[in-house]
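For reference, the chains in residue letters:
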Amino acid sequence: MSVQFIICPHCAIELRKGIKVCRSCDATVSYGVPWPYTMTALLPSIWLAIASHHFFYDSLLVSMLIGSTLFGGLWAMLSMAFDDRVVFRRATR
Ligand SMILES: [Zn+2]
């Protein structure tokens, strides 16, 4: 994997991708899938696990397997969709 660079929108300096805090203005940098999307993927997975729990004769293992498979699939899609997402958030002072 090659080193990628991102530009801070607050102070316009170049930062190495993966950095958590801008070294110039202390803005926090976050990457990847935003948490509301994580919840959006998690909820139907839990629902399906609960629903399948009745269908597969109360087999907890099968239900957990189905739920985690769905979540894994949704998460993989979200991770691809938000692969290049970088958000700078500067603390208000
Ligand atoms: Zn900055």
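As the structure is a prediction and not an experimental result, all values here were calculated from the model.

Overview of the UniProt feature "transmembrane region" (unreviewed entry) in the protein
What UniProt calls "transmembrane region" (unreviewed entry) maps, in this numbering, to residues 60-82. In residues 60-82, helix accounts for 96% and strand for 0%; the two terminal C-alpha atoms are 32 Å from one another.

Let's talk about the packing of helix α1 (residues 35-55) against helix α2 (residues 60-81)
At a minimum axis separation of 8 Å, α1 and α2 run at an interaxial angle of 155°. In terms of axis orientation, α1 runs roughly antiparallel to α2. Considering only the axes of α1 and α2, their crossing is right-handed. Along the contact surface, α1 presents Tyr-37, Thr-38, Ala-41, Leu-42, Pro-44, Ser-45, Leu-48, Ala-49, Ser-52 and His-53, while α2 presents Leu-60, Ser-63, Ile-66, Gly-67, Leu-70, Phe-71, Leu-74, Trp-75 and Leu-78. Its residues placed into classes, the contact of α1 with α2 shows 13 nonpolar, six polar and no charged.

Things to note about α2
Taking 1.5 Å as the rise per residue, α2 with 22 residues should run 32 Å; its terminal C-alpha atoms sit 31 Å apart, in good agreement. Along α2, the residues classified as buried are Ser-63, Gly-67 and Leu-78. Down the axis, α2 shows its buried residues gathered within 30° of arc, on one side only. Among the exposed residues of α2, those oriented more than 90 degrees off its buried face are Leu-61, Leu-65, Thr-69, Met-77 and Met-80. Where the residues of α2 are buried, they touch α1.

Procedures and definitions
- Residues numbered from 1 in each chain as written.
- Predicted model: local features only at pLDDT ≥ 70, side-chain atom pairs only at ≥ 80, totals over all residues.
- Heavy atoms only, no water.
- UniProt positions renumbered as here; feature names shortened; annotations may be inferred.
- Helix = DSSP H or I, 4+ residues; strand = E, 2+ residues; numbered from the N terminus.
- Axes fitted to C-alpha atoms, helices over the stretch in contact; angles between N-to-C directions.
- Parallel < 35°, antiparallel > 145°, perpendicular 65-115°, else oblique.
- Left-handed = near helix turned anticlockwise from the far one by under 90°.
- Contact = heavy atoms within 4.5 Å.
- Nonpolar A, V, L, I, M, F, W, Y, C, P; charged D, E, K, R; others polar.
- Expected span 1.5 Å × (residues − 1).
- Buried < 20%, exposed > 50% of the residue type's maximum accessible area, 1.4 Å probe, protein only.
- Arc of directions from axis to C-beta.

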